[in-house]
Amino acid sequence: MNPFQKNDSKETLFLPVSTEEVPPRPPSFPEKPSPKICGSNYPLSIVFIVVNEFCERFSYYGMKAVLTLYFLYFLHWSENTSTSVYHAFSSLCYFTPILGAAIADSWLGKFKTIIYLSLVYVLGHVIKSMGALPILGGQMLHTVLSMVGLSLIALGTGGIKPCVAAFGGDQFEEKHAEERTRYFSVFYLSINAGSLISTFVTPMLRGDVQCFGKDCYALAFGVPGLLMLIALVVFAMGSKLYRKPPPEGNILNQVVKCIWFAISSRFKNHSGDNPKREHWLDWAAEKYPKQLIMDVKALTRVLFLYIPLPMFWALLDQQGSRWTLQATRMNGNLGFFVLQPDQMQVLNPFLVLIFIPLFDLVIYRLVSKCGINFTSLRKMAVGMILACLAFAVAAAVEIKINEMAPHQPDSQEIFLQVLNLADDEVKVTVLGDENNTLLAESIKSFQNMPHYSKLHLKTKSQNFHFQLKYHNVSVYTDHSVEEKIWYTLIIREDGESISSMMVKDEENKTTNGMTAMRFVNTLHEKVNVSLGTDASLIVDEDYGVSAYRTVQRGEYPAVHCRTKKEDFSLNLGLLDFGAVYLFVITNRTNQGPQAWKMEYMPANKMSIAWQLPQYALVTAGEVMFSVTGLEFSYSQAPSSMKSVLQAAWLLTVAVGNIIVLIVAQFSGLAQV
């Protein structure tokens, strides 16, 4: 297992610890004997650090797993805005490690940096959870609280990110290098275990628990906040056991100053009066020592390999945004289990735990036995190809989903269906302005229409003439329609005759993989329908039509309803992913009120299992590209530059998220 790389956030595990030569390093911190675990060479203090990391990663990934859907369905942002803010947050989480490393190296040391920034981290979770309480203010306040909370979380998680693992490494004596290597493997596993469990659990807290009548985002954010508080308490409990190295200065600052001095000196002496230098960094020789300049030269050669990294992260980190949005339009029923759309992200840490030993112990060894020289650069190239293939598969899945989705009416078109609630067959004829027949159908009483009919308009809005033939009576009526809208013509009894009303269906789009429904009440009393939401759905008497309401997918065998005179239950049956239903409340038998069910829109047809290939490919690409790339760059960089390299690696993740942010916000193209 690779001790440097972490899944999904793609963070590395070593702090940018300064090995600065200018000025000279302070003396090493004094050795402090530490209690060992069961007589081994493992210090007891690492237990607190590993548990802390598990809880912190649970906190971070648990919160992030439901973040896109929170933006989309709680704050009611568009998909592009939700994607942009998601990746802006992810990007900020990878800029702040530089700040955390600088604070730890130059000022507070790792221990105090972790403690203080963890307090900021916990505060961010508290504010973020408050921003998910429906009873607390309106959307503006929720948005402000969310942005403040996410900013504090980014500062906290990014600030401690480069400190925790290296602080664990500080607990080992130099003679126990083998144990320290194993510690990093355990540390890596704790990261993936926290990510795996939280990515699975928090979507369940969001979707399966109702609070204030809606998805419980406050609980989904609050539980990760509690885990972060536990992480802080556990870490502080080991304080007396830790070896705490003092701050050593910041090599990153020296590197930046050296590069800036070389560039400015080069431009100041562009006239050619001074002799040419072999390398542009040699212009810093007047101020900085030769060894530092040589190390910076080696660093720039390695950084050249980092050029494609942002594009890789731009692909990889869309698992939490675009791929989650894709999952909302798929069917999560796997037969033995029902998956929520945001639970699919659990595949990444799960597959990482499988693929790293599989590649290291099986695949790479088989390739080597075949006589193929599978160098680090070749592994990285194959990894990038696999990531590209993953998005090709995602595009194919998206195309198939769009093919299965109902077509939308175009300009100067409407979709119309007829719902006959009379007690006998009705012949419906739709006439145009010139009395030409546009549609003629005979519709039986309570006939479940299989589809909408497409009607063409001459302008953006138009009057249609309807002839309704019922028994020996013909009823003529006009209804005005507008382009690009779905309509339902509801025919009802009106004494000995019939009448009709036109109802718009433009709101019948479901969200978050949920199901939508509306009711028509044929009773002579208002009906109050309890759907487990914060407010009951009230349907007016005498063919009143309700607004749409979305609910979780599932069986609804006994939905409680009441009128002024009686209480009763309706059996709505299975409400499936993405489907839209119409229920007509009738009382035509001696068994009391019942619900007649019609499916407006079919359920999502494509199984969410079709996302498995793209997750497998992108995770394999991650293992081959990011893990190998970091190991290769570490082996090529001088020891004094590994801290700077760490900062540069994290910056590529930030830049990758910025690329997605820009594309999502400013591109008019559809994305997968």
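In the block above lies the structure referred to throughout.
Presented here is an overview of the structure given in this document. Owing to the predicted nature of the structure, the values given are computational and were not obtained by experimental measurement.

### With respect to the overall build of the protein
If you tally the helices and strands in the protein, you get 14 helices and 21 strands. Burial statistics for the protein: of 672 residues in total, 54% are counted as buried. Sequence-distant contacts, at least 24 apart, represent 72% of the contacts inside the protein between residues at least 6 apart. Put simply, the protein shows about 29,100 Å² of open surface, and 60% of that area lies on carbon and sulfur atoms.

### As for the pattern of salt bridges
Overall, the coordinates contain ten salt bridges when judged by the stated rule. Note that E53 and R57 form a salt bridge whose closest N and O atoms lie 3.9 Å from each other. Here E53 pairs with R57, and both are found in helix α1 (residues 45–65), just four residues apart, close to one helical turn. As far as the burial class goes, E53 and R57 line up, both buried. Here E79 makes a salt bridge to R322, at a shortest N to O gap of 3.8 Å. Placement of E79 in helix α3 (residues 79–130) and of R322 in helix α10 (residues 322–327) is noted, with a sequence separation of 243 residues between them. Overall, the relative accessible area of 36% leaves E79 in the partly exposed class.

### Remarks on the nonpolar core
Counting residues in each nonpolar core, the largest one holds 112 residues, and the members touching the most others are L67, Y70, F71 and F89. Per-element tally for this core: the top contributor is α3, with twelve residues. Non-local contacts of Y70, meaning those with residues more than four positions away in its chain, are made with L75, K128, G131, A132, H142, S146, Y217 and F221. Counting residues in each nonpolar core, the second largest holds 23 residues, with L439, I443, L468 and Y470 among its members.

### So, the sheet that holds strand β6 (residues 453–456)
Strands sit in the order β6-β3-β9-β10 across an open sheet of four strands; the sheet is mixed. Edge strands, defined here as strands with exactly one partner in the open sheet, are β6 and β10 (497–504). Across this sheet, the average inter-strand angle for adjacent strands is 30 degrees, counted without regard to direction. Sheet topology places strand β9 (residues 485–494) next to β10; eight bridges connect them, and they run antiparallel. Of the residues in β10, the one forming a bridge with T488 is V503.

### Some points on the environment of A102
Here A102 is to be found in helix α3. Here the alpha-carbon distance between A102 and G159, two residues 57 residues apart in the chain, equals 9.3 Å.

### What about the sheet that holds strand β7 (residues 461–470)?
Overall, antiparallel pairing links the four strands, which are arranged β5-β4-β7-β8 in an open sheet. Where the open sheet ends on each side, the last strands, each with one partner, are β5 (437–443) and β8 (473–482). Averaged over all pairs of adjacent strands, the angle between strand axes in this sheet comes to 20 degrees, irrespective of strand direction. Note: strand β4 (residues 426–431) against β5, six bridges, orientation antiparallel. The residue of β5 that forms the bridge with V428 is E441.

### Focus: the packing of aromatic side chains
Enumeration over the complete set of coordinates arrives at 30 aromatic pairs. Between Y70 and F74, the ring centres sit 5.1 Å apart and the planes meet at 15 degrees, which makes this aromatic pair stacked. Judged by relative accessible area, which is 0%, Y70 ranks as buried. Pairing F167 with F235 gives two aromatic rings, centres 5.8 Å apart and planes at 55 degrees, and the pair type is tilted. Of this pair, F167 sits in helix α4 (residues 139–170) while F235 sits in helix α6 (residues 217–237), placing them 68 residues apart in sequence. Taken together, the ring pairs in this structure connect Y70, F71, F74, W77, Y217 and F221 into an aromatic cluster. The positively charged end of K128 is found above the aromatic ring belonging to Y70, 3.5 Å away from the centroid. Seen from the ring of Y581, K597 lies directly overhead, with NZ or CZ sitting 4.7 Å from the centre.

### So, unusual backbone geometry
Here the phi dihedral of F446 falls at roughly 55 degrees; this positive angle occurs in a residue that is not glycine. Among the structural elements, F446 can be located in the loop between β5 and β6. Judged by its relative accessible area of 11%, F446 falls in the buried class. Its identity is not glycine, yet K484 carries a phi of approximately 65 degrees, on the positive side. In this structure K484 comes out as partly exposed when scored by relative accessible area, which is 47%.

Rules used throughout
Residues numbered from 1 in each chain as written. Predicted model: local features only at pLDDT ≥ 70, side-chain atom pairs only at ≥ 80, totals over all residues. Heavy atoms only, no water. Helix = DSSP H or I, 4+ residues; strand = E, 2+ residues; numbered from the N terminus. Buried < 20%, exposed > 50% of the residue type's maximum accessible area, 1.4 Å probe, protein only. Contact = heavy atoms within 4.5 Å. Areas by Shrake-Rupley, 256 points an atom, 1.4 Å probe, with all protein chains shown as cover. Salt bridge = Lys/Arg side-chain N within 4 Å of Asp/Glu carboxyl O. Core = buried A, V, L, I, M, F, W, Y, C linked by side-chain atoms within 4.5 Å. Pairing = 2+ DSSP bridges. Axes fitted to C-alpha atoms, helices over the stretch in contact; angles between N-to-C directions. Phe/Tyr/Trp six-rings, centres within 6.5 Å; stacked < 30°, edge-to-face > 60°. Lys NZ or Arg CZ within 6 Å of the ring centre and 35° of its normal.

Read these as layout, nothing more, since geometry by itself doesn't imply function.
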